[in-house]
Amino acid sequence: MSESGNNRRQSAEDELYSHCQSESLSEDGLREIIEQFGLSPNNNYVGDTDYAFFFWACANNRFNEGIIQCLLEYFPAAASDTDENGWSPLHFACTNPNVTPNIMQLLIDAAPDSVRCVDKDYDTPLHHLCMNEELDETPALGILKLLILKQPEAIRHSNNEGCLPIHCAAGVAGGLKSPEFCRVLIESYPGSERIADVNDALPLHHACGDNTLSTVEYLYKLYPDAINHASTLGHYPIHYVITDLIRRTNPTVAVDIVKFLLDCNPNVKLQMVDGLSLLYFACLLECNDLNTDAVLGILKTIYDANPEAIEDINIASSIHHWHHRVQAFINDELVYVRRAKDHGLMTTPVHNGQLPLHTALCNNVRLGSIKLLVKGNPSAVRSIDDSGRLPLHVACANHDSPSVVQYLLGLAMRTLRAVDYDNNTALHYACRGAKYDTIAMLLEKYGAVSVSKGNAHGNLPIDLLWESNAVEDRESVEYTESVFRLLKAYPETVIDCIVNMKQQIKSEDYPSQNGKKRKYGNA
């Protein structure tokens, strides 16, 4: 090619390169450049060694089917090219948040072998798709199924880190809002949920690091024992939640995942790394403006599951290094550690005959601290105060967490039917305190126990809810749902109300001797 021809080619490449990486990329803009330099379809000399403009177009968020069709019309060979990292246009397109199944089909039709292409990290286009954090689920699923159809073996291909596509997908939340993406991958490669990468991390480990709760639940259900599987660094899935918190765009999801893992298996709360308890491990998290609430949420959840861990000498010696809110939380709970170890204090009634356990429940103390207080005096759960109230009654009326109520019931189930000196049961107290979550838990887990039982004044639990001063909004969803649950559990309540209303009307408004009605009490 002549010098003028080379210059012309270079100028065309430069113009295309500049336009394809710009925020104004458009099909019209491309065709204007093509016309300017008089390029013809199936051009084989422009970009003989450098199709960088084509790669940039595939990576540009403004790309669409028209743009790809235009480029393929003039530079079909570009679809088979790779850059210095081994990325093909298909690799680039799989990372684009606006890629569609139709665009993928165009690129595959132009270069069928590109679905088998691997980059320098041994990633296939399928790996890149699985790592695309911004792609919405609907197009992602369509592209996923297309790639698997075109190259079924890609589903079994491991990259340099030993990651299958399922590992990559499990470790990405982004636009993949449900487990469906992972489900398609696993159904295409049954048993892949049990395969570890080079760090001995399973898909569940990756999902705990940066995916949704529903995906974690899905993978756990497929392979429950994965929860007890440690990586080469000794990290269990729950450690991945903690260490990768800093990467999450929505850190509060991590709190829900930690709670789920702790609820799944009692061994999880005791899982350690290098001799460090989960609580201490979480205390080491770096706090910032975005994740501090999540860090505290994780600490509180772990503490509730295993409060004894707060007595770790490493925590006491390191506390001054941590965020001030973390310090405050640890110091607040250490108060109950000290109280629980004072047997005299734990067994001595104070105001109204209440033990420290009663008082703590009135004050909404965390479940972890309640466990420590019970440990300090196990018989306290069956101790009554001067009104005949058990700790369960106090918890139902005052504590915001139904898990505390459930914990107390787990220790002494018979207290569910126990009454105070006015014949009030736990459900009566929950209704009087307008504790909607506790009402729901008592009805759902323990049936309609005492829902039809009147207290010494003839009041049903629902009567106390109707009369409760703790109800802030009688038009709220929570209040309405609680009333509905109580009525559903004991429909006869409605009949009783009608009978009572009729009796009240009859006593207040009855006919006189001459047949005319007169109000009770009138002369």
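Under an unreviewed UniProt entry, the name given to the protein is Ankyrin repeat domain-containing protein, and the source organism is Skeletonema marinoi.

Draft legend 1. Structural context of the packing of helix α21 (residues 367-376) against helix α23 (residues 402-411). Taken N-terminus to C-terminus, the directions of α21 and α23 make an angle of 25°; their axes are 10 Å apart at the nearest point. Comparing their axes, α23 and α21 come out roughly parallel. In the crossing of α21 with α23, the sense of the turn from one axis to the other is right-handed. On α23, the residues that touch L367, I370, K371 and V374 of α21 are S403, V404, Y407 and L411. Looking at the contact of α21 with α23 residue by residue, the class counts come to six nonpolar, one polar and one charged.

Draft legend 2. Expanded view of the state of the cysteines. Throughout the structure, instances matching the rule amount to zero disulfides. Summary of cysteine pairing: C208 is not part of a disulfide, and the nearest cysteine sulfur, belonging to C264, is at 9.5 Å.

Draft legend 3. Region of interest: helix α22 (residues 391-398). The element α22 is largely enclosed, with a buried count of seven among its eight residues. Buried residues of α22: P391, L392, H393, V394, A395, C396 and A397, and no others. Next to the buried residues of α22 lie α20 (356-362), α23, α24 (426-432) and α25 (436-446).

Draft legend 4. Fine view of a negative patch on the surface. A contiguous patch of negative charge on the surface is contributed by D437, E472, D473, E475, E478 and E481. Along the polypeptide, E481 turns up in helix α27 (residues 477-489). For E481, a relative accessible area of 38% corresponds to the partly exposed category.

What counts as what
- Residues numbered from 1 in each chain as written.
- Predicted model: local features only at pLDDT ≥ 70, side-chain atom pairs only at ≥ 80, totals over all residues.
- Heavy atoms only, no water.
- Axes fitted to C-alpha atoms, helices over the stretch in contact; angles between N-to-C directions.
- Helix = DSSP H or I, 4+ residues; strand = E, 2+ residues; numbered from the N terminus.
- Parallel < 35°, antiparallel > 145°, perpendicular 65-115°, else oblique.
- Left-handed = near helix turned anticlockwise from the far one by under 90°.
- Contact = heavy atoms within 4.5 Å.
- Nonpolar A, V, L, I, M, F, W, Y, C, P; charged D, E, K, R; others polar.
- Disulfide = S-S within 2.5 Å.
- Buried < 20%, exposed > 50% of the residue type's maximum accessible area, 1.4 Å probe, protein only.
- Patch = residues over 30% accessible without salt bridge, like charges linked within 9 Å, V, L, I, M, F, W, Y side chains within 5 Å.
- Areas by Shrake-Rupley, 256 points an atom, 1.4 Å probe, with all protein chains shown as cover.
- Salt bridge = Lys/Arg side-chain N within 4 Å of Asp/Glu carboxyl O.
- Lys, Arg positive; Asp, Glu negative; His and termini not counted.
- Charge placed at Lys NZ, Arg CZ, Asp CG, Glu CD.

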